[in-house]
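The chain contents come next:
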Amino acid sequence: MYYTLTHNPIDTAAAGSETHTQSPAPASLSASPPRQQRRGWPGPGTRVAPSPAAAARTPRRQGRALAPGLPLLPASSSPPPSPGRRLLQPHRPRSPLLPRVPPRPLDRDAGSFPEQHPERCSPPGRNMDTETSEKIQKSGILQVFASLLTPQSSCTAKVANIIAEVAKNEFMRNSCVDAGLIPPLVQLLNCKDQEVLLQTGRALGNICYDSHEGRSAVDHAGGAQIVVDHLRSLCSKTDPANEKLLTVFCGMLMNYSNENDTLQSQLINMGVIPTLVKLLGIHCQNAALTEMCLVAFGNLAELESSKEQFAYTNIAEEIVKLFKKQIEHDKKEMIFEVLAPLAENDIIKLQLVEAGLVECLLEIVQKTVDSDKEDDIAELKTASDLMVLLLLGDESMQKLFEGGKGSVFQRVLSWIPSNNHQLQLAGALAIANFARNDGNCIHMVDNGIVQKLMDLLDRHVEDGNVTVQHAALSALRNLAIPVVNKAKMLSAGVAEAVLKFLRSEMPPVQFKLLGTLRMLIDAQAEAAEQLGKNVKLVERLVEWCEAKDHAGVMGESNRLLSALIRHSKSKDVIRTIVQSGGIKHLATMATSEHVIMQNEALVALALIAALELVTAEKDLENAKLVQILHRLLSDERSAPEIKYNSMVLICALMGSEPLHKEVQNLAFLEVVSKLRSHENKTVAQQASLTEQRLAVES
C-alpha cells in the first residue's frame with residue numbers, strides 16, 4: 001500500500017490488518033524475533049513456551065550393555081525444548097521433565113544388568129576393569145575366539161556369550177573390533193540356531209555400546225539390515241524364546257544407533273519403524289519387549305524423517321492403549337518420553353487426540369493436582385505440558401475447542417483460577433493456542449475469558465511467576481487481534497492491566513506486553529492517544545528501543561512507538577515522543593531489514609513532519625533523517641512502497657529551513673529523476689511530483 005501525504009498519511013496497519021490465519025510453526029518464549037512470520041513481527045514467527053530458556057540440543061540417551069536374556073534399557077538424558085498469532089508450547093526438554101528412573105544395580109561400569117541377584121554381587125571398580133582388559137588383550141584369546149565363531153562349531157553360542165560378557169568392559173570393546181570379531185559375529189546372524197542368534201545379538205549390542213568403532217564395524221559388515229530383517233520375519237511369533245530374541249535384537253539396534261543421526265536414519269530407511277510399531281501391538285503383554293520398543297521409539301523419534309514414518313503407522317493408537325494400562329510412574333515416564341517428540345508432528349497430534357490421549361492426560365492432572373509428592377508434581381507438569389503441545393496442531397486444536405463447547409476446553413478454563421502455578425501456566429498457554437483464529441477469539445472474549453486472564457495477571461504482579469505472566473500476556477495478545485475484540489478488551493481494562501508490568505525487567509514479559517498493547521491500539525485512536533500521552537510508558541519504550549541484547553523487545557518497542565503516532569495522529573502524542581527522545585529510534589527503524597518496519601517508521605515520521613515539524617526539527621536533523629532517506633531512494637533493493645513514502649517524507653521535510661538545506665546539499669533531484677522511469681507506476685508518478693517540488697524549491 002502507498003501513502004499520499006495528505007494532512008494525515010494512511011497507515012499500512014489499517015483496522016483489522018492483523019487477522020488470524022492458522023499457523024503451522026511453533027514458537028518459543030524468547031524475546032527474540034520469531035522463527036516464522038506469523039503476524040505483526042516482521043521476522044520469523046514463534047510459538048510461545050512457558051520458560052524463557054532457549055533450547056539447545058543436548059545429548060540423547062546412552063545405551064547400556066546387554067545382559068543375557070534382557071537387553072539393558074538406555075539411560076535417558078533430557079534434551080531441550082525446541083524453541084504467537086504466536087502459538088504457545090510448553091518449555092520442556094525433548095523428553096518430558098520427569099525424574100530419571102533410578103538405574104538398576106550394575107555389575108560393570110559399562111552399565112550391564114547383573115546376572116546374579118543384586119544383593120549377591122558387588123560391582124568391581126574401574127581399576128579392575130582396566131587390569132582385566134590388559135590381561136585379556138595380552139593373552140591373545142580374542143583372536144582365538146574369532147576362529148571359533150563358525151556355524152558348524154558346537155561351542156559357537158558359548159563363545160558369543162563370552163564375547164558379550166567381555167564387551168561389558170568398556171576397555172575391551174575396541175579390542176573386540178581390532179581382533180576381527182565383528183565380521184564372523186555378523187555372519188552368525190544368518191544361522192537358524194536361536195541360542196546362537198541370542199548370544200550373537202548380545203555380543204554385537206554390547207560391542208556397539210558407546211563405541212564408535214564398534215558401530216562402524218557392524219555398519220560396514222551389514223549387521224543392521226540382517227537384524228531388521230529378523231525383526232520383521234519374527235515379529236508375529238509370541239512364544240517366550242522368540243520374544244526374548246526380539247528383545248535382544250531391539251536392544252542391539254538401540255546400542256548400534258544411539259546418539260548417531262546417520263545410523264538412525266539408516267534404520268529408518270530400512271523400514272524398522274513399522275516393524276517396531278507392529279511389535280508393540282502384538283507383544284504388549286511382554287514387559288521387557290514393550291520397554292525395549294519404547295526405548296527404540298524414543299531413540300528414533302527425534303529425527304523429522306522418523307515422525308513422517310510414524311505418522312503412517314498406528315503408533316498413536318498402540319501407545320495410548322499401552323498408556324491406559326500403566327499404573328507405575330516409571331512406566332508412564334517411558335511413554336511420555338516417546339510421546340513428547342512424536343507429538344511435535346501435526347498429523348500425530350491429531351491421531352493422539354483421536355486415540356484418547358487427552359482424556360488420559362486430564363485424568364492424570366485431576367489425580368495429581370493436590371499431591372505434594374515429587375513424582376506426582378513431575379507427572380502433573382509433564383501431562384499439562386503435553387496437553388498444550390497437542391494444541392499446537394491446527395486440526396487437533398480445533399477438534400478440542402469444539403466451538404467453545406468442548407469438555408477439554410472447559411476443563412482448561414478451570415485451570416486458570418487454580419492455585420497451582422503449573423496449571424495456571426498450562427491454562428494460559430492453552431487459551432493462547434485456542435486463540436489462533438478470529439472465530440475462537442471472538443467466542444472466548446464474548447464468554448468472559450479476558451477477565452479470567454486479567455485476574456490471573458493480578459495475582460502475579462508483584463514478584464510473580466514470569467512464565468505465567470508471559471503466557472497470560474500472550475493469550476491477551478492473540479485475543480486482541482480481531483477488530484471486534486479490541487474495543488471490548490480496552491473497555492474491560494486490559495491496557496491498564498498490562499501496564500502494571502511496565503516495570504518488569506524480564507525480556508519475555510516485556511516482549512509480550514509490547515505486542516499486546518500494539519494489538520490493542522490498532523485503529524483505536526482514543527486508546528492510542530491515551531497511551532501515547534503516558535510519559536512513563538513512552539520513556540520506557542525509548543529505553544527498550546536501545547535493548548540491543550534483546551532484538552525482539554527492541555523491535556516491538558520501535559513498532560509500538562510508531563503505532564502510537566500512526567493510530568492517534570495526535571500532536572500531543574508526537575510532542576510526548578519528541579520530548580522523550582523517540583525520534584532517533586524512528587529514524588533508525590526506517591533502516592530496518594524488514595520492509596514492514598521501514599514503512600511503519602516512514603508513515604510515523606511523515607505524520608510528525610505534517611503535524612509537528614517545528615517541534616521535531618532539531619531531533620530530525622540530529623537523527624540524520626535526510627541522509628537516511630537519500631540512501632533509501634538510492635538503494636535499488638528498496639521496496640517500491642519504501643521509495644514512494646521516502647519521497648513523500650522528503651516533500652514534507654522541505655517545510656523546515658535546515659532540513660531543506662540538507663535536501664539541496666545531497667542532490668536529491670538526480671536520484672528522484674531516475675525514479676520517473678520506475679517500473680511501478682505509483683512510484684514513477686510520485687517521483688515526477690517530487691522532482692517538480694524539488695525544482696521549484698531549489
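What comes next concerns the included structure. Bear in mind that the values here come from a model prediction, so they are computed numbers and not experimental data.

What about the overall build of the chain?
A count of helices and strands for the chain gives 39 helices and zero strands. Looking at the chain as a whole, 60% of its 698 residues qualify as buried.

Description of the environment of Val450
Residue placement: Val450 occurs in helix α23 (residues 449-458). With a relative accessible area of 6%, Val450 lands in the buried category. Separated by 43 residues in sequence, Val450 and Gly493 have C-alpha atoms that sit 9.5 Å apart. Those residues within four positions of Val450 in sequence are excluded, and the remaining contacts are Val445, Leu476, Leu479, Met489, Ala492 and Val494.

Focus: the side chain of Arg173
Mapped onto the elements, Arg173 comes out in helix α4 (residues 173-178). A polar side-chain atom of Arg173 sits 2.8 Å from the main-chain carbonyl oxygen of Ala167. Within polar-contact distance, the side chain of Arg173 engages the backbone oxygen of Lys168 at 3.2 Å.

Quick notes on α23
It helps to recall that an α-helix has 3.6 residues per turn; residues three or four apart then point in one direction. Here α23 has its buried residues at Ile449, Val450, Leu453, Met454, Leu456 and Leu457. Projection of α23 onto a plane perpendicular to its axis shows the buried side chains occupying an angular sector of 155 degrees, all on one side. The elements touched by buried residues of α23 are α20 (407-415), α21 (421-434), α22 (438-446), α24 (466-479), α25 (483-491) and α26 (494-499).

Details of the nonpolar core
Membership of the largest hydrophobic core comes to 219 residues, with the highest contact counts inside it found for Ile163, Leu185, Phe297, Leu352, Ile431, Leu479 and Leu653. Of all the elements, helix α33 (residues 595-611) adds the most residues to this core, at eleven residues.

Thresholds, definitions, all that
- Residues numbered from 1 in each chain as written.
- Predicted model: local features only at pLDDT ≥ 70, side-chain atom pairs only at ≥ 80, totals over all residues.
- Heavy atoms only, no water.
- Helix = DSSP H or I, 4+ residues; strand = E, 2+ residues; numbered from the N terminus.
- Buried < 20%, exposed > 50% of the residue type's maximum accessible area, 1.4 Å probe, protein only.
- Contact = heavy atoms within 4.5 Å.
- Polar contact = N/O pair within 3.5 Å; in protein donor to acceptor, adjacent residues only side chain to side chain.
- Arc of directions from axis to C-beta.
- Core = buried A, V, L, I, M, F, W, Y, C linked by side-chain atoms within 4.5 Å.

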